[in-house]
Structures are given as C-alpha cells and as structure tokens.
Amino acid sequence: MLTRRHFVLSSVALFSAPIPQASWAAATSDKSMWEIWDAQVTPANYDPATSNPWGFHPRFLPQLVEANPSLTPGDIHVDAVARYLYHIRDNGTAMRYGVAIARGNLYEPGTYTIRRKTHWPTWTPTPSMIKREPEVYEQFADGMDAGPTNPLGSRAFYLFEGNRDTYLRIHGTPNPESVGGRASSGCVRMVMPHINGLYDHVETGSTAFLYPPEDRVTAQS
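Residues numbered from 1 in each chain as written. Predicted model: local features only at pLDDT ≥ 70, side-chain atom pairs only at ≥ 80, totals over all residues. Heavy atoms only, no water.

**What to know about the overall build of the protein chain**
And then number 1: On a plain count of helices and strands, the protein chain comes out with five helices and eleven strands.
And then number 2: Split into buried and exposed, the 221 residues of the protein chain put 50% on the buried side.
And then number 3: Of the roughly 10500 Å² of accessible surface on the protein chain, a fraction of 52% belongs to carbon and sulfur atoms. (Helix = DSSP H or I, 4+ residues; strand = E, 2+ residues; numbered from the N terminus. Buried < 20%, exposed > 50% of the residue type's maximum accessible area, 1.4 Å probe, protein only. Areas by Shrake-Rupley, 256 points an atom, 1.4 Å probe, with all protein chains shown as cover.)

Here's what the structure looks like:
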C-alpha cells in the first residue's frame, strides 16, 4: 500500500524545493484571434516570476528548481499533494508551476503520453459530465468555441494511454483563482500565461506522470 512516508520520500528524491475531448466539427477556433486572445489573458508588463494579479500564494508562480538528474528531460510530473507541475529540463533542473487538480475521485493518477497539443482548443463535455451535472454541461453538448472563457483556456496537452484518449488534459483555465485547489472535472489546470510559456517547450510523445492526491496517500500508522 502506498503510504504517506513513501510518497514524501519519493517526492523528495525527484525534486528539491527552491476530460473532455475537443469537438472539431461542432466548435471552432478562429486562428486570426489567437494573438488577440493571448494579449487579453496576459497581464500588463507580465513577468512570470512576479506577476500575480490572480492573488494566489506566490509559491505557485513559475520557478526554476533542482530535480533529480536521472529524470528524462521533457517529461512532466504533477505533484497532486503540493499542487505543482514540474517540466524537466536538462542539467538536473525543472520549471515548477502551480496547478489545480480535479475534485473528489475525478482525478486519475497514472502515467500518460502527450499525443496532441493545441493552441486555443475547442471543448465538448463528455457524456459522463453531462449525465453528472446536466444543468451545467448540457447546454454545451455540441461544443464550445475557443476563446478566453472556454474551459480549456489558451493551450491544452491531451493525455493518452497507448492510443486511447483518456479525455484528461493539462490545460489553461479561465478560473485562475482555482490554482492550488481541487476544482476540475478530471484535468490539471494552469494559469493561462503560465501554460502559454510552457507550451513550446513540451513535445508530443513526452510522458506525463500524475501522482496521487492527498486523499489517496495513506498516512503511515
């Protein structure tokens, strides 16, 4: 059984401190608007290390940290307990970002492959989402066009198991105040300017490791 001690020791060894599928037919992403939307969601005089108009804890701002040099550059690791996403770089370093994860049992730990990534994706709720909360999702059954209010935000990485789309995403969010908490219906959320900065550094074919959240890590007796 995975214990809290095991998780903490594993996390320390790796790092040192400093959902829904898009519907291409029904919804659209206007490429001519991409730069305009990027400007709309980016704070004035944006500095990744200091800009925080969202008001969350400063620890969730992007930061370069040390990582175990044995980790594969390009891979992503999501520490669901601390609410951090690490993107592994060369020479034993990683860029760390704050994230929000799924609420309740909707978060799915595992090892995934990023097989697709998109600018300003469209979004369609899954049938299970519509069944679970029809009052929220049924109106979007035919999809939602891309844009600053789209739930997938400005960028998205699509997580697969083999050739199977899991409908899980790492994506931007129009609700940046959720970073640091548990809010989504399965995906990992990032502030849009943060994922915009990360996007070009992540290659398709990279691996994303999603570690268990606090309610699945058993305290040592």
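Okay, back to it.
**Some thoughts on the nonpolar core**
And then number 1: Core analysis: the largest hydrophobic core is formed by 25 residues, its most contacted members being Leu-85 and Ile-170.
And then number 2: Looking at which element gives the most residues to this core, the answer is helix α5 (residues 192-199), with three residues.
And then number 3: Residue contacts for Ile-170: discarding those within four places in its chain leaves Ile-76, Leu-85, Arg-155, Ala-156, Phe-157, Leu-159, Val-188, Met-190, Ile-195 and Ala-208.
And then number 4: Phe-56, Leu-61, Ala-94 and Val-191 belong to the second-largest nonpolar core, a separate cluster that totals 14 residues. (Core = buried A, V, L, I, M, F, W, Y, C linked by side-chain atoms within 4.5 Å. Contact = heavy atoms within 4.5 Å.)

**Describing α5**
And then number 1: Within α5, seven of the eight residues are buried, which leaves the element mostly enclosed by the surrounding structure.
And then number 2: Residues Met-192, Pro-193, His-194, Ile-195, Asn-196, Leu-198 and Tyr-199 constitute the buried set of α5.

**A closer look at the sheet that holds strand β3 (residues 84-88)**
And then number 1: Pairing is mixed across the open sheet formed by nine strands, whose spatial order is β1-β4-β3-β2-β11-β6-β7-β8-β10. Edge positions in the open sheet fall to β1 (63-66) and β10 (188-191), since each of these has one partner strand only. Taken pair by pair, the neighbouring strands of this sheet meet at an average axis angle of 30°, ignoring direction.
And then number 2: Pairing analysis gives four bridges linking strand β8 (residues 164-173) to β10, with the strands arranged parallel. Bridge pairing in β10 places Thr-173 opposite Val-191.
And then number 3: Seen against the sheet, α5 touches β3, β4 (93-98), β6 (110-119), β7 (155-161), β8 and β10 and runs at an angle of roughly 95° to β10. (Pairing = 2+ DSSP bridges. Axes fitted to C-alpha atoms, helices over the stretch in contact; angles between N-to-C directions.)

**Some remarks on the side chain of His-77**
And then number 1: Structurally, the position occupied by His-77 is in strand β2 (residues 76-79).
And then number 2: Among the residues examined, His-77 registers a relative accessible area of 3% and is labelled buried.
And then number 3: A polar contact is formed between the side chain of His-77 and the side chain of Tyr-211, at a distance of 2.8 Å. (Polar contact = N/O pair within 3.5 Å; in protein donor to acceptor, adjacent residues only side chain to side chain.)

**Points about the pattern of salt bridges**
And then number 1: A full pass over the atoms with the stated rule returns five salt bridges.
And then number 2: With a shortest N-O distance of 3.0 Å, Arg-155 and Asp-38 are connected by a salt bridge. One end of the pair, Arg-155, is in strand β7; the other, Asp-38, is in helix α2 (residues 34-41), with 117 residues separating them in the sequence.
And then number 3: Under the relative-accessibility criterion, Arg-155 is labelled buried at 6%. (Salt bridge = Lys/Arg side-chain N within 4 Å of Asp/Glu carboxyl O.)

**A closer look at the environment of Thr-50**
And then number 1: Within the secondary structure, Thr-50 sits in the loop between α2 and β1.
And then number 2: The class for Thr-50 is exposed, based on a relative accessible area of 55%.
And then number 3: C-alpha separation for the pair Thr-50 and Pro-62, spaced twelve residues apart in sequence, amounts to 8.7 Å.

**Quick look at the environment of Ala-141**
And then number 1: Take Ala-141: it is sitting in the loop between α4 (134-137) and β7.
And then number 2: Between the C-alpha atom of Ala-141 and that of Thr-124, which follows or precedes it by 17 residues, the distance is 6.3 Å.
And then number 3: Once residues within four sequence positions are removed from consideration, Ala-141 is found in contact with Thr-124, Pro-125 and Ile-130.

**A short note on the packing of aromatic side chains**
And then number 1: Within the structure shown, the criterion is met by six aromatic pairs.
And then number 2: Ring centres of Trp-54 and Phe-56 lie 5.6 Å apart, and the angle between their planes is 15°; on these two criteria the pair is classed as stacked. One exposure class covers both Trp-54 and Phe-56, and it is buried.
And then number 3: Pairing Tyr-84 with Tyr-86 gives two aromatic rings, centres 6.0 Å apart and planes at 75°, and the pair type is edge-to-face. This pair shows no difference in class: Tyr-84 is buried, exactly as Tyr-86 is. (Phe/Tyr/Trp six-rings, centres within 6.5 Å; stacked < 30°, edge-to-face > 60°.)

**As for unusual backbone geometry**
Peptide bonds are, in most cases, trans, and in most cases residues other than glycine have a negative phi.
And then number 1: For Asn-45, which is not glycine, the phi torsion reads 55° and is therefore positive.
And then number 2: Tracing the backbone shows Asn-45 in the loop between α2 and β1.
And then number 3: Residue class for Asn-45 comes out exposed when judged on its relative accessible area of 77%.

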